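Single-letter residue listing:
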Amino acid sequence: MRIVWQIALIMAFYGSGAFIARITHAPLPASVIGLGLILLALHRRWIKPAHLRDGAQALLGRMLLFFVPAVPVLIEHREFVSMLGVRLMLAVAIGTVLVMAVTGAVVQMVAGADD
């Protein structure tokens, strides 16, 4: 039951980000704003990493389910395998490396605050 509450807390931060994005017309997606709110709450020690850890791990453990629908799209649209596909894969690879680098930096910063 704790995992359900932690996922609900994560979704509340996402919902807050969606609300802020809607009323401010921010150029950032709601998920990025929500992640920033989580980071702020962790940094200010309003919440502890343990309050989100199990829920976040549960979501990450099922992340593959969010990407499975992309496979039929590739089968239907063969143009993604051509030069357009190469450019898309390059953009995805660069984006993935950037996301991993930023995520690693944030995790190290939060882990340092946890001590």
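What comes next is a walk through the structure. In this text the structure is predicted, and so the values were computed from the model without any measurement. (Residues numbered from 1 in each chain as written. Predicted model: local features only at pLDDT ≥ 70, side-chain atom pairs only at ≥ 80, totals over all residues. Heavy atoms only, no water.)

### Quick look at the packing of helix H1 (residues 2–24) against helix H3 (residues 53–61)
The geometry of H1 relative to H3 is characterised by a closest axis approach of 7 Å and an angle of 85 degrees between their N-to-C directions. With respect to their mutual orientation, H1 and H3 come out roughly perpendicular. Across the interface between the two elements, Arg 2, Ile 3, Gln 6, Ile 7 and Ile 10 of H1 pack against Arg 53, Asp 54, Gly 55, Ala 56, Ala 58 and Leu 59 of H3. A breakdown of the residues in the contact of H1 with H3 according to their chemical character gives 6 nonpolar, 2 polar and 3 charged. (Axes fitted to C-alpha atoms, helices over the stretch in contact; angles between N-to-C directions. Helix = DSSP H or I, 4+ residues; strand = E, 2+ residues; numbered from the N terminus. Parallel < 35°, antiparallel > 145°, perpendicular 65-115°, else oblique. Contact = heavy atoms within 4.5 Å. Nonpolar A, V, L, I, M, F, W, Y, C, P; charged D, E, K, R; others polar.)

### Concerning the side chain of Gln 6
Relative to the elements of secondary structure, Gln 6 occurs in helix H1. A polar contact of 3.2 Å, which involves the side chain of Gln 6, links it to the backbone oxygen of Ala 50. A distance of 2.9 Å separates the side chain of Gln 6 from the backbone nitrogen of Asp 54, its partner in a polar contact. (Polar contact = N/O pair within 3.5 Å; in protein donor to acceptor, adjacent residues only side chain to side chain.)

### Regarding unusual backbone geometry
The phi dihedral of His 25 falls on the positive side, at around 55 degrees, and the residue is not glycine. With respect to the helices, strands and loops of the structure, His 25 is situated in the loop between H1 and helix H2 (30–43). Residue classification places His 25 among the exposed positions, given a relative accessible area of 68%. (Buried < 20%, exposed > 50% of the residue type's maximum accessible area, 1.4 Å probe, protein only.)

The quantities given are spatial measurements derived from coordinates; they are silent on function.
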